[in-house]
Amino acid sequence: MSAAMELKPLELVLCGLVQEIREARALAERLEGVLVALGRYADVDQLVECQAADHLVQRLSGLSNYLECLACGPVQVCLDVSAAADLPLAAQAGRLRGKTPVADDGDAIWLMD
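This report concerns the structure included in the present document. As the structure is a prediction and not an experimental result, all values here were calculated from the model. Numbering of residues starts from 1 in each chain and follows the order in which that chain's sequence is written. With the structure being a predicted model, the display of local features is reserved for residues of pLDDT at least 70 and the display and counting of side-chain atom pairs for 80 or more, all residues being used for whole-chain, interface and lining totals. Note: side-chain values were computed over all heavy atoms of the structure, leaving out hydrogens and water.

## Points about the overall build of the chain
Stage number 1. What the chain contains, in helices and strands, is three helices and two strands.
Stage number 2. A helix here means a DSSP run of H or I that spans at least four residues, while a strand means a run of E at least two residues long, and both kinds are numbered starting from the N terminus. Starting at the N terminus, the α and β elements of the chain follow one another as β-α-α-β-α.
Stage number 3. Scored against the burial criterion, the 113 residues of the chain give a buried share of 20%.
Stage number 4. Per element, the accessible surface of the chain, about 8300 Å² overall, is 62% carbon and sulfur. Relative accessibility decides the category of a residue: with a 1.4 Å probe and only protein chains considered, values under 20% of the type maximum give buried, values over 50% give exposed, and everything between is partly exposed. The method behind every accessible area is Shrake-Rupley, applied with a 1.4 Å probe, and residues are considered shielded solely by the protein chains displayed.

Structure, rendered in structure tokens:
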């Protein structure tokens, strides 16, 4: 963990998490589209597993909606967000710490070199 504390209001932390989850949901929706296209080549068991992508999209949507409701609460609390500095994706770490948006190399999905 990072040594220096970095306090941010809970509302901002939750709003950052909501945005991060919404972006993850968008990526899951893209993946779901690919799986649907590939589904015509799958057997029944594989099709059932492909439905996990839809389940993931639904769970991420519910989670972002719930966190958004929590962010609107009346509580004035600050959290130490310095632990986000240790996340493996620099752009995600910056967003969760409330820093200026950094280009996210994770938007590109590379299947082969």
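## Looking at a nonpolar patch on the surface
Stage number 1. A contiguous nonpolar patch, built from Leu31, Val34, Leu38 and Tyr41 and spanning about 430 Å² of accessible area, is present on the exposed surface.
Stage number 2. Looking at the secondary structure, you find Leu31 in helix H1 (residues 10–39).
Stage number 3. On the basis of relative accessible area, Leu31 is assigned to the partly exposed category, the value being 46%. Patch definition: residues above 30% relative accessible area lacking any salt bridge, with like charges linked at up to 9 Å and the nonpolar side chains Val, Leu, Ile, Met, Phe, Trp and Tyr linked at up to 5 Å. Between Lys or Arg on one side and Asp or Glu on the other, a salt bridge is scored when a side-chain nitrogen of the former is within 4 Å of a carboxyl oxygen of the latter.

## Quick word on the nonpolar core
Stage number 1. For our purposes a nonpolar core is just a set of buried Ala, Val, Leu, Ile, Met, Phe, Trp, Tyr and Cys residues, chained together by side-chain atoms within 4.5 Å. If you look at the biggest cluster of nonpolar residues, it comprises eight residues: Leu14, Val18, Ile21, Ala28, Val57, Leu60, Leu67 and Ala71.
Stage number 2. Contact criterion: two residues are considered in contact whenever any of their non-hydrogen atoms come within 4.5 Å of each other. For Val18, the residues in contact, after removing those within four places along its chain, are Ser64, Leu67 and Glu68.

## Quick look at helix H2 (residues 44–71)
Stage number 1. Taking 1.5 Å per residue, 28 residues should reach 40 Å; H2 reaches 42 Å between its end C-alpha atoms and fits that length.
Stage number 2. Looking only at H2, the buried set comprises Ala53, Val57, Leu60, Ser64, Leu67 and Ala71.
Stage number 3. Check the buried side of H2 and you find it contacts H1.
Stage number 4. Where H2 begins, the capping side chain belongs to Asp43, and its oxygen is found 3.1 Å from the backbone nitrogen of Asp45. For a helix, the expected span equals 1.5 Å multiplied by the number of residues minus one. Here a polar contact means two N or O atoms within 3.5 Å. Within protein one must be a hydrogen donor candidate and the other an acceptor candidate, and residues neighboring in sequence count only if both atoms are side-chain atoms.

## A short note on H1
Stage number 1. Under the 1.5 Å per step criterion, the end-to-end length of H1 is 42 Å for 30 residues, consistent within 8% with the ideal 44 Å.
Stage number 2. Here H1 has its buried residues at Val13, Leu14, Gly16, Val18, Glu20, Ile21, Ala28, Glu32 and Gly39.
Stage number 3. Residues of H1 that are buried make contact with strand E1 (7–9), H2, strand E2 (78–80) and helix H3 (90–96).

## Concerning the packing of H1 against H2
Stage number 1. The axes used here are C-alpha line fits, helices contributing only the stretch in contact, and every angle between their N-to-C directions lies in the interval 0 to 180 degrees. Between H1 and H2, whose axes approach to 8 Å, the crossing angle comes to 165 degrees. Here H1 is positioned roughly antiparallel relative to H2, judged by the angle of their axes. When you trace H1 past H2, the crossing you get is left-handed.
Stage number 2. For the contact of H1 with H2, the residue count by class is 18 nonpolar, four polar and seven charged. Should an angle lie under 35 degrees it is considered roughly parallel, over 145 roughly antiparallel, and from 65 to 115 roughly perpendicular; all remaining angles are considered oblique. By definition, any crossing whose near helix is turned counterclockwise from its far helix by less than a right angle is left-handed, and any crossing with a clockwise turn is right-handed. When residues are sorted by character, Ala, Val, Leu, Ile, Met, Phe, Trp, Tyr, Cys and Pro go into the nonpolar class, Asp, Glu, Lys and Arg into the charged class, and all the rest, Gly among them, into the polar class.

## Quick notes on the pattern of salt bridges
Stage number 1. Under the definition given, this model contains four salt bridges.
Stage number 2. Among the ionic pairs, Arg97 bridges to Glu6, the shortest N-O distance being 2.8 Å. Taken as a pair, Arg97 in the segment after H3 and Glu6 in the segment before E1 lie far apart in primary sequence, 91 residues in all.
Stage number 3. Glu68 is paired through a salt bridge with Arg22; the nearest N and O atoms lie 2.8 Å apart. With Glu68 in helix H2 and Arg22 in helix H1, this residue pair connects regions lying 46 residues apart in the sequence.
Stage number 4. Looking at Arg22, the relative accessible area reads 27%, which means it is partly exposed.
Stage number 5. The network of salt bridges with shared partners includes Glu20, Glu23 and Arg95.

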